[in-house]
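Geometric and topological summary
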Amino acid sequence: MVSARYRAFLIFGAPGSGKGTQGKILGKIPRFFFFACGDVFRSIDTRTALGQQFVKYSSKGELVPDELTVEFWRLRIQQSVEAHEFKPDIDFLILDGVPRNPRQAELMQQFIDVRRVFHLSCPIREKLVARLKKRAIKDNRLDDASEQLIWRRLETYEQQCKPLLNFYPPELIVNIDATQAPIQVLMEIITYIVREKDAVISL
Ligand code: AMP
């Protein structure tokens, strides 16, 4: 059990909506600690039990089971706290891809104090598919390797992940047009973050 919940901003959206692009930039700003669930899953040795589970689900465009994912997230964050990389008393978490559905949000509620959910919205699915296909080649992402798998991932998002937006109070949700240039998306996110109490403190 943690003594105080970690203050967090969630970056939420379909695969290819630009969550990682934004999260990586925000994570470079002092007092923000970036955690991308998919990236951390991908870094696990695939010979381990957890690595095998990740491959089993991600190769089908499906989600890793909720309890396993949240426990994995909790352990990783705890390690970052112990390593003094993430300092919960002064830092904010920027979470990309976790929590990913209402059940994960419920499980994580005891650990995180969600200040805003940035929903990177892109209703034109073909745009996401095109972005994902480009990324598959550039970043060697196996889960985006086939168009069939990409559509499966988008279906998983629609059916299982999108309901997360109903879990949090509507005033926490910020809908952002993800088809804008990355810098415009960033500006919108930052505009909300700087308004947040405690997020702007001098170093
Ligand atoms: P991403 O890089 O966020 O698109 O994640 C790649 C894959 O990792 C997903 O398709 C899932 O199989 C798995 N994954 C990442 N984050 C989660 C999560 N929060 N819950 C379950 N599975 C996840």
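Below: a short report on this structure.

Conventions adopted
Residues numbered from 1 in each chain as written. Predicted model: local features only at pLDDT ≥ 70, side-chain atom pairs only at ≥ 80, totals over all residues. Heavy atoms only, no water. Pairing = 2+ DSSP bridges. Helix = DSSP H or I, 4+ residues; strand = E, 2+ residues; numbered from the N terminus. Axes fitted to C-alpha atoms, helices over the stretch in contact; angles between N-to-C directions. Core = buried A, V, L, I, M, F, W, Y, C linked by side-chain atoms within 4.5 Å. Buried < 20%, exposed > 50% of the residue type's maximum accessible area, 1.4 Å probe, protein only. Contact = heavy atoms within 4.5 Å. Expected span 1.5 Å × (residues − 1). Arc of directions from axis to C-beta.

**With respect to the sheet that holds strand β5 (residues 173-177)**
- Spatial strand order, β2-β3-β1-β4-β5: five strands in an open sheet with parallel pairing. What marks the edges here is a single partner per strand, and that holds for β2 (32-36) and β5. Taken pair by pair, the neighbouring strands of this sheet meet at an average axis angle of 20 degrees, ignoring direction.
- Pairing of strand β4 (residues 112-121) with β5, which is carried by five bridges, proceeds in the parallel orientation. Counterpart to Leu120 in the pairing with β5 is Ile176.

**Details of the nonpolar core**
- One finds Trp73, Leu93, Leu95, Ile112, Tyr168 and Ile193 to be the most contacted residues of the largest nonpolar core, which totals 61 residues.
- Ranked by residue count, the leading element in this core is strand β1 (residues 6-13), at six residues.
- Leaving out residues up to four positions away in the same chain, Tyr168 has contacts with Leu10, Pro99, Ala105, Gln109, Val114, Val117 and Ile173.

**Section: helix α6 (residues 125-139)**
- The end-to-end C-alpha distance of α6, which contains 15 residues, comes to 21 Å, matching closely the 21 Å that a straight helix rising 1.5 Å per residue would cover.
- Inspection of α6 places Arg125, Leu128, Val129, Leu132 and Ala136 among the buried residues, and these make up the whole buried set. Viewed along the axis of α6, the buried residues span an arc of 100 degrees, placing them on a single side of the element. Opposite the buried face of α6, by more than 90 degrees, sit the exposed residues Glu126, Lys134, Ile137 and Lys138.

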